[in-house]
Amino acid sequence: MRTPLLVVTGVDPVAMDATMLSLSWDLPTAVAVRHVIDPHSQVLTRTVSDATGVLEREQVQLEHACVSCALREDILPTLERLARDGRWSSIVSGLPIGTEAGQLAHVLGTDSRLARHLRLAAVLAAVGTRDVARDLLSDDLLRERDLHTNPGDDRGVGEVACAQVEAADLVVLDGEGGATEEEHSLVRALARPDAPVVAGATTLDVATLLQSRHDQARTHAWCSPELETVVPALEDDHVWRLDLCSARPFHPDRLLDRIERLGSGPFRSRGSFWLPTRPGSLLEWSGAGGHLSIGAYTLWGRRTPVTRLVVTGLRDGSDRVPDRLAEAFEDILLTPTEALLDRRTWDVAEDGLEPWLGDIRDVA
């Protein structure tokens, strides 16, 4: 019999702890395991507890203070060990702060040995309500809050928190005072359309969560830069969304010169794009709160290349932000005339984007 697993993610340790405590309280025969990475010592601390109290607290020296090492060296082996033990009816796992559940879900869905003992029931994103908009859309860095996982972790809080919300089967807004209507609308706009957003960990329907099953294919369709699912229009006075799409690629020079016009601001942007200098590469775009990451994601293969960004933000009484972004998007694209140029025009050895996209290997 496989043991159901509930996974909690977040960037707010208080909200994560509240969610884990509520789940454990409603599941008296469950075991809870919490992993915390110290970015300075590169030590992973594992705490295992159940209704009787703390069962173990161990420290593991990681080869590198990163999520991949933590998963491989302790998180996955611990989850398998607890499932095989047979003493508990379910497991509640709190991943290290700032960790996305995608890699864990992928391993659990593809490793036949683990699949015999564990069933990923649901991934929860715990969002603190002290300042939801700041957590999701500000330019704070994880390291500025001492929430980074290693000395080289330069990720933005917003990019990580937005990705956690987008990948969750359920989002918990927890904290004193609760979220405002505007903040709830923002989270609802970012979350997968069929993922509930609940106010307070104490309102969780734990029985239903345990009976559910995380669908990684559905999550991938919503979170992937390929945007393989319908992005619904928003019918909300508090939030705006732009679905910017074109068959034309970005101009590499204009992208370098003007990327801040499109990637900097209090909004979440994600999707894919292509460049005439790299026509075979599907390139990823992911940003939030002024921090932006671009990179090579996969190959287009038989698919027709497309440039598509979905941008979401809070209304501030002015519609200038969406208008400005739509103008910047069009400005960075190849013009219709440029798009008709002979492909050999873009046959270059370098396009200036090598630091982010790697060397050009597939040119026209």
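For the structure itself, look to the data block above.
A.B. asks: Would you mind going over the pairing of strand β1 (residues 3–10) with me for this structure?
C.D. replies: Among the eight residues of β1, eight are classified as buried, and the element is accordingly described as predominantly covered. Because side chains alternate across β1, one face comprises the buried residues T3, L5, V7 and T9, and the other comprises P4, L6, V8 and G10, equally buried. In the sheet, β1 pairs with strand β6 (residues 118–128) via eight bridges, with the strands oriented parallel. When the bridges of β6 are listed, P4 appears paired with R119. With four bridges joining them, β1 and strand β5 (residues 90–94) adopt parallel strand pairing. By the bridge assignment for β5, L6 is matched with V92.

A.B. asks: What is the right way to look at the packing of aromatic side chains in this model?
C.D. replies: Here a ring pair, both rings aromatic, is described through the centre-centre distance and the interplanar angle of the planes. Counted according to the given criterion, the structure contains five aromatic pairs. On the basis of an interplanar angle of 80° and a centroid distance of 5.7 Å, the ring pair of F250 and F329 is categorised as edge-to-face. Taken together, the positions of F250 in the loop between β9 (239–246) and α10 (252–263) and F329 in helix α11 (residues 320–332) put the pair 79 residues apart, joining distant regions of the chain. Note on F329: relative accessible area 4%, which makes it buried. In textbook terms, an aromatic cluster arises when at least three aromatic residues are bridged by ring pairs, as seen for F250, F273, W285 and F329. The ring centre of W222 lies 5.1 Å from the NZ or CZ of R270, which sits over that ring.

A.B. asks: For this particular structure, what's the right way to read the pairing of strand β12 (residues 291–299)?
C.D. replies: On any regular strand, side chains alternate: one points to one face of the sheet, the next to the other face. Of the strand pairs in this sheet, strand β11 (residues 278–288) and β12 are connected by eight bridges, and their pairing is antiparallel. Within β12, the residue paired with S286 across the bridge is S293. Linking β11 back to β12 in an antiparallel pair, the connection comprises two residues, with G289 at a positive phi of about 60°.

The rules we used
- Residues numbered from 1 in each chain as written.
- Predicted model: local features only at pLDDT ≥ 70, side-chain atom pairs only at ≥ 80, totals over all residues.
- Heavy atoms only, no water.
- Buried < 20%, exposed > 50% of the residue type's maximum accessible area, 1.4 Å probe, protein only.
- Helix = DSSP H or I, 4+ residues; strand = E, 2+ residues; numbered from the N terminus.
- Pairing = 2+ DSSP bridges.
- Phe/Tyr/Trp six-rings, centres within 6.5 Å; stacked < 30°, edge-to-face > 60°.
- Lys NZ or Arg CZ within 6 Å of the ring centre and 35° of its normal.

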